[in-house]
Amino acid sequence: MYEGEGCTGGKSFEGSTEYQLTYGDRVVTPSGVEATELDVSSIFDEDIEPVVFLDLIYRNDNQLYFGYLTGPDTRATEINFDQYYTLK
């Protein structure tokens, strides 16, 4: 993952982790944004159970936004508009 939208600049993340994504229902956040539930299972170590983050995802044109996560087993309720990912 790179700092710049055009996949330029320094790397902001490097490594590998296995994820499983499960899309859920469309929901309306308390602020009125229509988002989709997203369960993200992360396998950090094959000897332990996956960690499941109960997130939200929202798309606006070519930008993807995720929810404010507070930890595993608690669904995000609002979208974090301070950080986004650009589709290429």
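Note: the structure precedes this text.
Residues numbered from 1 in each chain as written. Predicted model: local features only at pLDDT ≥ 70, side-chain atom pairs only at ≥ 80, totals over all residues. Heavy atoms only, no water.

**Remarks on the sheet that holds strand β1 (residues 18-28)**
Heads up, the rule is: Any two strands with at least two DSSP bridges between them are considered paired. Strands are runs of DSSP state E lasting at least 2 residues, helices are runs of H or I lasting at least 4, and numbering of each runs from the N terminus.
The sheet built from 5 strands is open, its strands ordered β1-β2-β3-β4-β5 with antiparallel pairing. The open sheet has two edge strands, β1 and β5 (85-86), and neither has a second partner. Bridging between strand β4 (residues 63-66) and β5 involves 2 bridges; their strand directions are antiparallel. Across the sheet, Gln63 pairs through a bridge with Thr86, a residue of β5.

**What about the side chain of Thr29?**
Selection criterion: Whether two residues touch is decided by their heavy atoms; if any such pair falls within 4.5 Å, the residues are in contact.
Tracing the backbone shows Thr29 in the loop between β1 and β2 (34-43). In contact with Thr29, other than residues within four places in its own chain, are Leu56, Thr77, Glu78 and Ile79.

**Describing the pairing of β1**
To keep things clear, this is the line we draw: Accessible area is worked out with a 1.4 Å probe on protein chains only. A residue is then buried under 20% of its type maximum, exposed over 50%, and partly exposed in between.
Counting buried positions over the 11 residues of β1 gives 0, only a small fraction of the element. Note that β1 and β2 share 9 bridges and pair antiparallel. Paired with Thr22 across the bridge in β2 is Asp39. Two successive antiparallel strands, β1 and β2, enclose a turn made up of 5 residues, where Gly32 displays a positive phi of approximately 100°.

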